[in-house]
Amino acid sequence: MSELSQASDANLVVAIARWRQDALAEAYRRHAGAVFALARRLLADQTLAEEVVQEVFLRIWDAPEKFDPDRGSLRSYLLAQCHGRSVDLIRSEQSRRDRELKEHRQRAEAGYDIEHEVWDLAVADHVREAIAELPFEERKAIELAYLGGHTYREVASLLGQPEGTVKSRIRAGLRRMRGALADAGVGNTT
Amino acid sequence: MSTGYRHDQVEELLGAYALDALEAAEHAFVEAHLPTCARCRAEVEEFREVAALLAHTGAPAPPGLWDRIAASLEGEAPGGALADKLSMLPMGSGERSRQTWRNRMGAAVLAAAAVVIVVLGVQLADQDRRLDEMAGLLERDALERAYQAAETSPGAEVIQLASFDGAVTTRAVVTDDGEGYLWAADLPALDEGRTYQLWGDMGDRLISLGLMGRDPEVVPFAASEALVAVAITQEEEPGVVATDQPILAHGLLPQ
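Numbering of residues begins from 1 in every chain and follows the order in which that chain's sequence is written. As they are written, the chains are lettered A onward and the ligands numbered 1 onward, keeping that order. The model is predicted, so local features are restricted to residues of pLDDT at least 70 and side-chain atom pairs to those at 80 or more, both for listing and for counting; the totals for chains, interfaces and linings are taken over all residues.

(A) Spatial organisation of the nonpolar core. By definition, a nonpolar core groups buried Ala, Val, Leu, Ile, Met, Phe, Trp, Tyr and Cys residues that are joined through C-beta atoms within 7 Å. Exposure in this text rests on C-beta crowding, where 20 or more other C-beta atoms within 10 Å of a residue's own make it buried, 12 or fewer make it exposed, and counts in between make it partly exposed. The C-beta atoms are placed from the backbone. Residues Ile-16, Val-35, Ala-39, Val-53, Ala-145 and Ile-170 of chain A are the most contacted members of the largest nonpolar core, which totals 115 residues. No other element matches helix α3 (residues 21–43) of chain A, which puts 14 residues into this core. Apart from the residues within four sequence positions on either side, Val-53 of chain A is in contact with Ala-32, Val-35, Phe-36 and Ala-39 of chain A together with Ala-61 and Leu-65 of chain B. Only DSSP runs of H or I with at least four residues qualify as helices, and only runs of E with at least two residues qualify as strands; both kinds are numbered from the N terminus onward. Throughout, a residue-residue contact means that the two C-beta atoms, derived from backbone geometry, are no farther apart than 7 Å.

Structure, rendered in C-alpha cells:
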C-alpha cells in the first residue's frame, strides 16, 4: 500500500488506467471528502450527493484519459466534475432551485460567507487572505455562483445588480484571487 | 466554425463558465471556442484551481459509499470469484472450462462486457503509451530491492503460486502491513501485444490487482485483509476488467 499512498495524483491516475482498483481507492481516500462536501453543499441532499460522488469516481475509472495532469490538479478536476454534475441536477429541477434560491437568500442575509468553506488548514490562511482582498461584491458573486450553484443571471437577480456587472465581477474576483494565491505560492498543486 | 462571439466576448464569460454559472447557450459558445484557444483554456483551468480551494474537505465521505462504488466496478463486467472459477477449471482443459464459464455467464452478459472491454481497451491503449513515459511506478531495481526487503521483514509470509500442471511456479511475499510483491521474473516473456495480469480473490469476487506487462520482474500489489488468493492470467494489451482466460498460476494467502 505504501507505494500508492506515496504516489503523486498523476501516478495514481496512471495506475487507475491500468485497472488498479487500489489506486482508485487511494484517490477516493484523498479526495472523496471534498467532493462529497461540495456536492452536499450544492444539493442540500445526502442521497443525491452520494450519487454524484459515485458518478465522479466511476467516471475517472472509466475515462482516466479525460484527466490531463498538465492542465490542473486531480482535486480540481474531480471537484469540477462534481460541480458540473451537481448544478445539472439543481437546474433540472425547478422546485428544488426555488427552494435553493430561498435558502441562499437567507444565508446571504445571515452573513454566511466562503471564509467558512476553506478546506485545508495548511492553505487556509492564504485562501482567507485572498478572499479578504476581494471587494465584497466580487466575493458575493463568486460565492453564490460556485457554492450556491446559481447562474450569473440568477446571481444578478439575487443581488439586484446588472447581469453584465456580475459576469465581470466573477471573472475579476477569480483573477484577483488567483494572483493573490500565486503570490503566496498556493493554488497550483499539480 | 464561427461561434458568433468575438474572443474578448468569450473571455468575459470565462469566470462564470469555470463556475458552471452560464446558461446553456453561452456555455455552448465557450465550449466551441475553447478547443481553438490555449489562452482561454489556461484561464479556465486556473479559475478551477482557485474554485477548488474554496471547496472544503468537510468530514470524510459517508461510510459505505466506497463499498458501493467498488461493487459497481465489478458489476460492469462478468467477473466471478476466483474460487468459482477454479472449481470449474478441470486440470489441463482450459478450453472446455472456459466454455462452461461462458454458458454459466450467459451470452448477453458476456457480449455486453465484451463491448465495455473493447471500448475501454481502445481508449486505454493510447493513454498507456503516453502515461508510460511519466509513470515511474514500476522501476525494476527499486522493486527488486523492495521485494528483498519485504521477504526479510518480520512477520512476512511467502506464498507459493502454482499452475494446475506444474508448468508455472513462482512466489510472492506479503508483509505484516499488507504490502505484497509478486516475484514474476521466472515467468516467460510474452509476445508483443500480450500482458500478464494479476488478480485478487476477495472471497466473493475477483478484482484486478494490476497489469504486469509482457516481461515482468517484480509486481507490487495491495494485500488487504479481504484478499484470499492471487492469480495470474495472460491477456491482450491493455488488459481486461474481467478475465475469461485460464488461470496460469494461483496461490492462497496466509489467513
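(B) Just the interface of chain A and chain B, in detail. Contacts between the two partners involve 67 residues from chain A, matched on the other side by 56 residues from chain B. In terms of residue class, the side of chain A that touches chain B is made up of 37 nonpolar, 15 polar and 15 charged. Under the scheme applied, nonpolar residues are Ala, Val, Leu, Ile, Met, Phe, Trp, Tyr, Cys and Pro; charged residues are Asp, Glu, Lys and Arg; polar residues are all the others, including Gly.

(C) Layout of the environment of Gln-21 of chain A. The topology assignment puts Gln-21 of chain A in helix α3. Each C-alpha atom, one on Gln-21 of chain A and one on Trp-61 of chain A, is 8.5 Å from the other, the two residues being 40 residues apart in sequence. Beyond its immediate sequence surroundings of up to four residues, Gln-21 of chain A is in contact with Ala-70, Leu-73, Ile-207 and Ser-208 of chain B.

(D) Fine view of the pairing of strand β3 (residues 179–183) of chain B. Residues and elements named next belong to chain B. When you tally the buried positions in β3, you get five out of five residues, the bulk of the element. Residues Glu-179, Tyr-181 and Trp-183 line one face of β3 and the alternating positions Gly-180 and Leu-182 line the opposite face, and both faces are buried. Inspection of the sheet shows strand β2 (residues 169–174) paired to β3 by four bridges, in the antiparallel sense. Pairing of Val-174 across the sheet is with Gly-180, part of β3. Once β2 ends, the chain turns through four residues before running back antiparallel as β3, passing Gly-178 with a positive phi of about 85°. A pair of strands is considered paired only if DSSP assigns at least 2 bridges between the two. Looking at chain direction, β3 and strand β6 (residues 218–222) are connected through five bridges and run antiparallel. Note that in β6 the partner of Tyr-181 across the bridge is Pro-220.

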